[in-house]
Amino acid sequence: MTHENVKELLSAGFQILKNGEPLKIQGDLWDYLSGLDKEVLEVLILKELLTWNDQQLQNVRLKL
């Protein structure tokens, strides 16, 4: 994944990646995240990915 990929997903209205799949959240993002089952393996907030360096982003797998 690249910074450009992240920006495109944000522009399309996605807010998180949940196990590699982009999701649009209805309502409050933080309420949604606090209500997730503890067994969810990987949830990444797209806005936070903008602060990651290129090497870190390369490890993020995107399922479309």
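Structure: see above.
Everything in this summary refers to the structure shown in the same document. In this text the structure is predicted, and so the values were computed from the model without any measurement.

1. Description of the overall build of the protein
Phase 1: Scanning the protein for helices and strands turns up four helices and three strands.
Phase 2: The secondary structure elements of the protein, listed N-terminal to C-terminal, are α-β-β-α-β-α-α.
Phase 3: Relative to the compact-globule value of 11 Å for 64 residues, the protein shows a C-alpha radius of gyration of 11 Å, a close match.
Phase 4: Each principal axis of the C-alpha distribution contributes one length, and for the protein these read about 30 × 25 × 20 Å.
Phase 5: Here the protein, with 64 residues, has 27% of them falling under the buried criterion.
Phase 6: Residue pairs at least 24 apart in sequence account for 56% of intrachain contacts in the protein once pairs closer than 6 positions are excluded.
Phase 7: A total accessible area of about 4,600 Å² is found for the protein, and carbon and sulfur atoms account for 48% of it.
Phase 8: Mean positive and mean negative side-chain charge positions of the protein (7 and 10 charges, respectively) differ by 2 Å.

2. A short note on unusual backbone geometry
Phase 1: The phi angle at N19 is positive, at roughly 55°, despite the residue not being glycine.
Phase 2: Summarising the element assignment, N19 is placed in the loop between strand 1 (16–18) and strand 2 (21–23).
Phase 3: On the basis of relative accessible area, N19 is assigned to the partly exposed category, the value being 31%.

3. Topic: the environment of S34
Phase 1: Structurally, S34 can be placed in helix 2 (residues 29–34).
Phase 2: A distance of 3.0 Å separates a polar side-chain atom of S34 from the backbone oxygen of D31.

4. Comments concerning the packing of aromatic side chains
Phase 1: Summed over the entire model, instances satisfying the criterion amount to zero aromatic pairs.
Phase 2: Here K24 stacks its cationic end above the ring of F14, 5.1 Å away from the centre of that ring.

Reading the values: rules and limits
Along every chain, residues carry numbers that run from 1 in the direction the sequence is written. A pLDDT threshold of at least 70 governs which residues receive local features in this predicted model, and a stricter bar of 80 or more applies before side-chain atom pairs are shown or counted, although totals over entire chains, interfaces and linings include all residues. Excluding hydrogens and water, the side-chain figures rest on all heavy atoms present in the structure. The numbering of helices and of strands both runs from the N terminus, where a helix is a DSSP run of H or I of at least 4 residues and a strand a run of E of at least 2. Throughout, the radius of gyration refers to the C-alpha atoms, and the reference size of a globule is 2.2 Å times the residue count to the power 0.38. Accessibility here uses a 1.4 Å probe with only protein chains present; expressed as a share of the type maximum, an area under 20% marks a residue as buried, one over 50% as exposed, and anything in between as partly exposed. Contacts between residues were defined by any pair of non-hydrogen atoms, one from each residue, lying within 4.5 Å. For accessible areas, the Shrake-Rupley method is used with a probe of radius 1.4 Å. Any residue's cover is judged against the shown protein chains and nothing else. In this tally Asp and Glu are treated as negative and Lys and Arg as positive; neither His nor the chain ends contributes. By convention, charge coordinates are those of NZ in Lys, CZ in Arg, CG in Asp, or CD in Glu. For this analysis, a polar contact is any N or O atom pair within 3.5 Å, provided that within protein one partner can donate a hydrogen and the other can accept it, and provided that sequence-adjacent residues contribute only side-chain to side-chain pairs. Pairing of aromatic rings covers Phe, Tyr and the six-membered ring of Trp, with a centre-to-centre limit of 6.5 Å; geometry is then stacked below 30 degrees between planes, edge-to-face above 60, and tilted otherwise. Over a ring means this: the NZ of a Lys or the CZ of an Arg is within 6 Å of the ring centre and within 35 degrees of the ring normal.

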